[in-house]
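# Inside the fold
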Amino acid sequence: MPSTLTEATDPWCLRPGEAAELLRGHPWRRFVVLGDSVAEGLCEPADGYPDLQWADRIAAELRAIRPELAYLNLGRRGLRAHEVRATQLADALAFAPDLALVVCGGNDAFRSAYDPDAVDAELTAMIAALREAGADVITVGMFDVSHSPAVPDALRAGLGERMRRLSRHTRGVAERLGTLHVHLTDHPLVADPSLYSSDGRHGSARSDAVATAETLRVLSTHVPHP
């Protein structure tokens, strides 16, 4: 049966006024996003939830506090981690961000030949360069898309193991490099089919709404609230 929830009634989403409270006084003025389709935004529409995708929503909430915020989204679908670094890092650094979101590795983990150490190296190179340039960096342990009903049963166990390994490795990189880490992989809703799109690879508008709530709560820990 389809869910009757909307973002306004969803207990895992932001309450009215919560974003403003979480971000009040935030210091960021230049926000850049690097990554694959999760960064670009390919969420599938869901009744009761806005179509505005995750990174755009974060930018909008930051801009609601600081209207002068500059925002650049470099995310492009289909890219593996090494391609994100090769095609986006230089432009990201040229933008001179003080906040960066880096989300990639999912396309690597979809392959049976996924090499976690190679992905870690690419993430480390991007995060270290952004941190050295003065940016706070957001990293993400993504929802485990193997729970999507659209994933064939024969592929589900292997994909789930790789997605969870990617998440563990990303959290390890985050702890080592001091990022603002958003861990969605063990979210209480991770097995809820309403989070996933019909293509078996991406999320729904509900997943973006939930991810936005979790991201802003993490960002709030880095805001000097009066």
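Refer to the structure printed above.
Here we summarise the structure given alongside this text. Note that the coordinates shown come from a computational prediction; the quantities given were computed from them, not determined experimentally.

Scoring rules and cut-offs
Residues numbered from 1 in each chain as written. Predicted model: local features only at pLDDT ≥ 70, side-chain atom pairs only at ≥ 80, totals over all residues. Heavy atoms only, no water. Disulfide = S-S within 2.5 Å. Core = buried A, V, L, I, M, F, W, Y, C linked by side-chain atoms within 4.5 Å. Buried < 20%, exposed > 50% of the residue type's maximum accessible area, 1.4 Å probe, protein only. Helix = DSSP H or I, 4+ residues; strand = E, 2+ residues; numbered from the N terminus. Contact = heavy atoms within 4.5 Å. Phe/Tyr/Trp six-rings, centres within 6.5 Å; stacked < 30°, edge-to-face > 60°. Lys NZ or Arg CZ within 6 Å of the ring centre and 35° of its normal.

Moving on, we get to the state of the cysteines. The tally for this structure, following the rule as stated, stands at zero disulfides. No disulfide involves C43; its nearest neighbouring cysteine sulfur is the one of C13, lying 12 Å away. For the unlinked cysteine C104, the closest cysteine sulfur is that of C43, found at 19 Å.

Within the largest apolar cluster, 68 residues are counted, with the highest numbers of intra-cluster contacts made by F31, L34, L62, L101, L130 and L219. In terms of residue count, helix α8 (residues 205-220) provides more of this core than any other element does, seven residues in total. The contact partners of L219, leaving out residues within four places of it in the chain, are L23, W28, I58, L62, L99, I138 and L180.

As a further point, take the packing of aromatic side chains. Taken as a whole, this structure holds one aromatic pair when the rule is applied. With a centroid separation of 5.5 Å and 15° between ring planes, the pair formed by F31 and Y71 is classed as stacked. Linking F31 in strand β1 (residues 30-35) with Y71 in strand β2 (residues 70-73), this pair joins segments that are 40 residues apart in sequence. On the accessibility criterion, F31 (0% relative accessible area) is buried. Here the basic side chain of R30 rests over the ring of F95, its NZ or CZ set 4.2 Å away from the ring centre.

All quantities given are derived from atomic positions and should not be read as evidence of function.
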